[in-house]
Amino acid sequence: MKPAVENRASAYEGSSLVEHTLFGTEDFVHRAIKEIRAIAEHSHICLRFSGGKDSVVIKRLLDMARVPYTARFSKTSVDPLELLEFIKAEHKDVIVESPRISMYQLIIKKGFPPTRICRYCCQEFKERNVCGRGDGIVTVTGVRKAESPRRKSRSKYETCQADKGVNFFHPIVNWTDEQVWDFIRAEKIPYCRLYDEGMTRIGCVGCPLASSEKIAAEFKRWPQFEKAYLWAFERMLEGRSFDRWKNKYDVMDWYIYGAEKDCTAAADDRQISLFSEDYFDQFDAGEDAYQFSADDAKRIILGGYAKATLRREE
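Reading the values: the criteria
- Residues numbered from 1 in each chain as written.
- Predicted model: local features only at pLDDT ≥ 70, side-chain atom pairs only at ≥ 80, totals over all residues.
- Heavy atoms only, no water.
- Salt bridge = Lys/Arg side-chain N within 4 Å of Asp/Glu carboxyl O.
- Helix = DSSP H or I, 4+ residues; strand = E, 2+ residues; numbered from the N terminus.
- Buried < 20%, exposed > 50% of the residue type's maximum accessible area, 1.4 Å probe, protein only.
- Phe/Tyr/Trp six-rings, centres within 6.5 Å; stacked < 30°, edge-to-face > 60°.
- Core = buried A, V, L, I, M, F, W, Y, C linked by side-chain atoms within 4.5 Å.
- Pairing = 2+ DSSP bridges.
- Arc of directions from axis to C-beta.
- Contact = heavy atoms within 4.5 Å.
- Axes fitted to C-alpha atoms, helices over the stretch in contact; angles between N-to-C directions.
- Parallel < 35°, antiparallel > 145°, perpendicular 65-115°, else oblique.
- Left-handed = near helix turned anticlockwise from the far one by under 90°.
- Nonpolar A, V, L, I, M, F, W, Y, C, P; charged D, E, K, R; others polar.
- Disulfide = S-S within 2.5 Å.

Focus: the pattern of salt bridges
Then comes step 1: A full pass over the atoms with the stated rule returns 17 salt bridges.
Then comes step 2: Across the pair Glu 218 and Lys 214 runs a salt bridge whose closest N-O atoms are separated by 2.6 Å. Of this pair, Glu 218 and Lys 214 are both found in helix 8 (residues 212-221), four residues apart, which corresponds to roughly one turn of the helix.
Then comes step 3: For the salt bridge of Glu 234 with Arg 235, the shortest nitrogen-to-oxygen distance reads 2.9 Å.
Then comes step 4: Judged by its relative accessible area of 28%, Arg 235 is partly exposed.
Then comes step 5: Three or more residues are tied together by salt bridges with common partners; here these are Asp 54, Arg 144 and Asp 177.

Some thoughts on the packing of aromatic side chains
Then comes step 1: Applying the stated criterion to the full structure yields 15 aromatic pairs.
Then comes step 2: Connected via pairs of aromatic rings, a cluster forms that spans Tyr 104, Phe 219, Tyr 229, Phe 233 and Tyr 255.

Some thoughts on the nonpolar core
Then comes step 1: Counting 81 residues, the largest nonpolar core has Val 29, Leu 61, Trp 175, Phe 183 and Tyr 229 as its most contacted members.
Then comes step 2: At eight residues, helix 10 (residues 248-270) tops the list of elements feeding residues into this core.

Details of the pairing of strand 2 (residues 24-27)
Then comes step 1: With four bridges joining them, strand 1 (residues 18-21) and strand 2 adopt antiparallel strand pairing. Pairing of Thr 21 across the sheet is with Gly 24, part of strand 2.
Then comes step 2: Counting the residues between successive antiparallel strands, the hairpin from strand 1 to strand 2 contains two residues.

Brief notes about helix 4 (residues 81-90)
Residues separated by three or four positions in an α-helix point in the same direction, a consequence of the helix having 3.6 residues per turn.
Then comes step 1: Listed in full, the buried residues belonging to helix 4 are Glu 82, Leu 83, Phe 86 and Ile 87. In an axial view of helix 4, the angular spread of the buried residues amounts to 135°, which keeps them on one side of the axis.
Then comes step 2: Looking at the buried residues of helix 4, the elements they touch are helix 3 (53-65), strand 4 (69-74) and helix 8.

What to know about the packing of helix 3 against helix 7 (residues 177-187)
Then comes step 1: The contact between helix 3 and helix 7 brings their axes to 10 Å, and the two run at 55°. Regarding the angle of helix 3 to helix 7, the classification is oblique. In this structure, helix 3 meets helix 7 at a crossing whose hand is left-handed. Residues Lys 53, Asp 54, Val 56, Val 57, Arg 60, Leu 61 and Met 64 of helix 3 pack against Val 180, Trp 181, Phe 183, Ile 184 and Glu 187 of helix 7.
Then comes step 2: By residue class, the composition of the contact of helix 3 with helix 7 is eight nonpolar, no polar and four charged.

What about the state of the cysteines?
In a disulfide, the sulfur atoms of two cysteines are covalently bonded to one another.
Then comes step 1: Evaluation of the coordinates by the stated rule reveals one disulfide.
Then comes step 2: Covalent S-S linkage joins Cys 46 and Cys 131, the inter-sulfur distance amounting to 2.0 Å. Judged by the torsion about the S-S bond (-65°), the Cys 46/Cys 131 disulfide is left-handed. Of this pair, Cys 46 sits in strand 3 (residues 44-48) while Cys 131 sits in the loop between helix 6 (120-125) and strand 6 (137-140), and the two are 85 residues apart along the sequence.
Then comes step 3: Residue classification places Cys 46 among the buried residues on the basis of a relative accessible area of 2%.
Then comes step 4: For Cys 122, which is in no disulfide, the shortest distance to another cysteine sulfur is to Cys 121 and amounts to 4.6 Å.
Then comes step 5: The exposure class assigned to Cys 122 is buried, which follows from its relative accessible area of 5%.
Then comes step 6: Left unpaired, Cys 204 is separated from the closest cysteine sulfur, that of Cys 207, by 6.0 Å.

Printed below as a string of structure tokens:
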């Protein structure tokens, strides 16, 4: 039986989830549930579930709204084991989508590590549409404006420009971190234990959009992933020539400590915008939006910023 929403106001009174203003009282939970029910009246809801704190909040709100929905989680091959165990134990109803290719095989195929200029891994693992498209399908996510500067322009209802026909609904887009955790505590929602280790966001281990400090800390926390990346870098070098890199350790050192600096310099030189832990930049992309290919990124970053041809990634 899905939890009811009635008579829950007292659970949120005195928290950030209820605001009293000159114009009345605003209950963020009740508003979200009301909007979810309105969407469900004419659409099938598909939840893009990540296992993070925002996703578990959205999933509980869907249950409280008592609407039918499908929840899907896209594995990336670089997901923390603790996250996968949490989803398996606490969210057995979530459909787990296996990756079409691993991160490591993708690096070998592309012939260059993913970067903020060319984040082909996000295209494959995060932006790939697993919910479908059309007027009858709405993809629901836990995207929030408070997560990053780029997401401050996000709207509650959006149509993806990079994948025509995919409609998005972000019920808690205006919620703060405090509201998310107040709701988790009030509803006693289980969450991944990695948050208790001090992590504020949980994603791919070794994400190229993360800071050098974060990548280094993750590889220290999960050495098996560092070993797998090194294996991929070694295979990536086979049959290819890089003046800067002689072995897999050179690539790893650059990936952790040099890529962020080089990408920033290349972006400043070419007046382009870097992706920074936010693959939802796609909503701002028009029909003529292009991304650097892996070969372009190689020429720009390692080739003295030689002129590269913009083209869509295959």
